[in-house]
Amino acid sequence: MSFLHEKQSRCYFLFLACFCTLMLAFFVLCAGIQTREVKKLLLRQEQTAASYLLDQGVSEDITAAAFKNSKSTEEGVLLLEKSGRTESTPFWLLPAARRSAIRYLIIALLGGLGLGGSLMGVSAFFLYRRELLYQKAARRIAEFAEGSFVHHLPRNETGTLYQLFASVNELAMALQSKSESEQKAKEFLKDMISDISHQLKTPLAALNMYAEIILDEPDNPSLVEEFSRKSLISLARMEQLILSLLKVMRLDAGNIRFEKKLCTVYELVSGGIAELITRAKQEEKQILINGNPREQILCDPEWTGEAIGNLVKNALDHTGTGGTIKIVWEQSPAMLRLSVTDNGSGIPPEDIHHVFKRFYRSKSSSDTQGVGLGLPLAKSIIEGQGGILSLHSTPGKGTAFIISFLTEP
């Protein structure tokens, strides 16, 4: 009987058990009262009849024998019929029976009214409390439907009804989580649109200006060539920006599924910096690689290589002519650590906690090459695979980015 787990139902059931016990006791009491009344009625009748017979001169022996007699004769029955004493005679025509019946009826009526009133009163109170509970639940569910999850259904009791309330609360929490996710998605989309429009504004304005210059000077080949080259640079910058934004959006939205496989760290690093070797030579900078070429790591090679490439590109952006970027890795029993270290300008202390924010550019930096997406993208890639990306920097001496991956068992 699972309904007895609920406190209100348990109390009401206990009341019904007590009520049934009282009702049984009342019926037994009524039966005893009726028996006593019948006994008194018969005794009074016998006393009256004996008194009359003795007054008429009938001997005591005959009178006593008359009351001890258990057989009725036809003459006796006919005599009583003549005096109006038959089975069909209404009880109210018999004074003694009428008085006894009235007393018994009053007792039964008062007892029935008391028991019935108690049953109706307690049942009404139970149903009233239950109705209040249902109304409260209806209000809470209406609030859930309107998107308000401040209050919850009662959940501090046991029983089937409260199990239902707990299920509704869980459903409300799921709806709240879904609503918050949708709100975050809307805010994320709004922020991304704002970021894209803001970041594309500069190269689009530059392209528009270059096009106007080219149109105004069609007979100046050197000028047309110069601004055509600048237009291509701006287009390449826009392409890089859009591709990076799309990657960041896919990572933030959880649409990227990393395909992990075992690969050597050397191949991973070589693939990630392949396109940066030429740039380093042109800028007279060195990229040095140091680590066990046979060391292996379980990761997504394409995405992890891009993260390493972004770290190296950031190092190139902030390292002057003749600078050096070192890529070093080492394996421990529990972890593989890969560091990208440069001897460039370093990061000011006030910027350390902001470098992984999208589009963040230090106010003290004179660099104009990046758009502020490389480091956030690298962090999302590493952390999306269960790794950690941290940094150490000293202004004027350089920066070290450290990638840590737990060794797979």
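Residues numbered from 1 in each chain as written. Predicted model: local features only at pLDDT ≥ 70, side-chain atom pairs only at ≥ 80, totals over all residues. Heavy atoms only, no water.

1. Focus on helix α7 (residues 265-273)
- Buried within α7 are the following residues: Val265, Leu268, Val269, Gly272 and Ile273. Seen end-on, α7 carries its buried residues on one side only, within an arc spanning 110°. Opposite the buried face of α7, by more than 90 degrees, sit the exposed residues Glu267 and Gly271. (Buried < 20%, exposed > 50% of the residue type's maximum accessible area, 1.4 Å probe, protein only. Helix = DSSP H or I, 4+ residues; strand = E, 2+ residues; numbered from the N terminus. Arc of directions from axis to C-beta.)

2. So, the pattern of salt bridges
- Under the criterion given, the structure shown has 7 salt bridges.
- Here glutamate 283 makes a salt bridge to lysine 285, at a shortest N to O gap of 2.8 Å.
- The exposure class assigned to lysine 285 is buried, which follows from its relative accessible area of 10%.
- Here lysine 379 makes a salt bridge to glutamate 383, at a shortest N to O gap of 2.7 Å. Pair noted here: lysine 379 and glutamate 383 are both in helix α10 (residues 374-384), with a separation of 4 residues, about one helical turn.
- Classification of glutamate 383 as partly exposed rests on a relative accessible area of 41%.
- Overlapping salt bridges, with partners in common, bring together Arg279, Glu283, Lys285, Lys313 and Asp317 in one network. (Salt bridge = Lys/Arg side-chain N within 4 Å of Asp/Glu carboxyl O.)

3. A few points about the sheet that holds strand β4 (residues 324-331)
- Pairing is mixed in the open sheet, where 5 strands are placed in the order β2-β4-β5-β7-β6. Only two strands of the sheet have a single partner each, and these edge strands are β2 (286-290) and β6 (388-394). This sheet shows a mean twist of 15° between the axes of neighbouring strands, independent of strand direction.
- Most of the contacts of helix α9 (residues 301-317) go to strand β7 (residues 398-406), to which it runs at about 170°, and overall it touches β2, β4, β5 (335-342), β6 and β7.
- α10 contacts β6 and β7 of the sheet and is inclined by roughly 140° relative to β6. (Pairing = 2+ DSSP bridges. Axes fitted to C-alpha atoms, helices over the stretch in contact; angles between N-to-C directions. Contact = heavy atoms within 4.5 Å.)

4. Some thoughts on the environment of leucine 311
- The residue leucine 311 is located in helix α9 in this model.
- In the structure, leucine 311 is positioned 28 residues away from serine 339 in sequence and 9.5 Å away in space, judged by C-alpha atoms.
- With near-sequence residues (within four places) excluded, leucine 311 lies in contact with Val340, Leu375, Ala378, Leu389, Phe401 and Ile403.

5. A word on the packing of aromatic side chains
- Inspection of every chain in the model, using the stated rule, returns 4 aromatic pairs.
- Between phenylalanine 258 and tryptophan 303, the aromatic rings sit 6.3 Å apart at their centres with planes inclined by 85°, giving edge-to-face as the arrangement. Taken together, the positions of phenylalanine 258 in the loop between α6 (221-253) and β1 (261-264) and tryptophan 303 in helix α9 put the pair 45 residues apart, joining distant regions of the chain.
- In this structure phenylalanine 258 comes out as buried when scored by relative accessible area, which is 17%.
- Overall, tryptophan 303 belongs to the buried group, its relative accessible area being 12%.
- The ring of phenylalanine 356 carries lysine 379 above its face, with NZ or CZ at 4.8 Å from the centroid. (Phe/Tyr/Trp six-rings, centres within 6.5 Å; stacked < 30°, edge-to-face > 60°. Lys NZ or Arg CZ within 6 Å of the ring centre and 35° of its normal.)

6. A few points about the nonpolar core
- Counting residues in each nonpolar core, the largest one holds 46 residues, and the members touching the most others are Val269, Ile297, Leu311, Val312, Ile327, Leu338 and Ile403.
- Among the elements that line this core, the one with the most residues is α9, at 7 residues.
- Judged by nonpolar contacts, the second largest core, of 10 residues, contains Leu133, Leu161, Tyr162 and Ala172. (Core = buried A, V, L, I, M, F, W, Y, C linked by side-chain atoms within 4.5 Å.)

7. Notes on the environment of leucine 223
- Position of leucine 223 relative to the elements: it lies in helix α6.
- Note: C-alpha distance between leucine 223 and isoleucine 213 (10 residues apart in sequence) is 8.3 Å.
- Filtering out sequence-adjacent residues up to four positions away, leucine 223 remains in contact with Ile213 and Glu217.

8. Side note on a positive patch on the surface
- Judged by side-chain charge, Arg36, Lys40, Arg44, Arg98 and Arg99 come together as a positively charged surface patch.
- Of all the elements in the fold, those that place two or more residues in the positive patch are α1 (7-55) and α4 (95-145).
- Of the residues forming the positive patch, the biggest block, 3 residues, is contributed by α1.
- Within the secondary structure, arginine 99 sits in helix α4.
- By relative accessible area, arginine 99 is classed as partly exposed at 40%. (Patch = residues over 30% accessible without salt bridge, like charges linked within 9 Å, V, L, I, M, F, W, Y side chains within 5 Å. Areas by Shrake-Rupley, 256 points an atom, 1.4 Å probe, with all protein chains shown as cover. Lys, Arg positive; Asp, Glu negative; His and termini not counted. Charge placed at Lys NZ, Arg CZ, Asp CG, Glu CD.)

9. A word on the environment of proline 395
- Mapped onto the secondary structure, proline 395 falls in the loop between β6 and β7.
- Considering only alpha carbons, one finds proline 395 and proline 348, 47 residues apart in sequence, at a separation of 5.6 Å.
- Residue contacts for proline 395: discarding those within four places in its chain leaves Ser345, Gly346, Ile347, Pro348 and Pro349.

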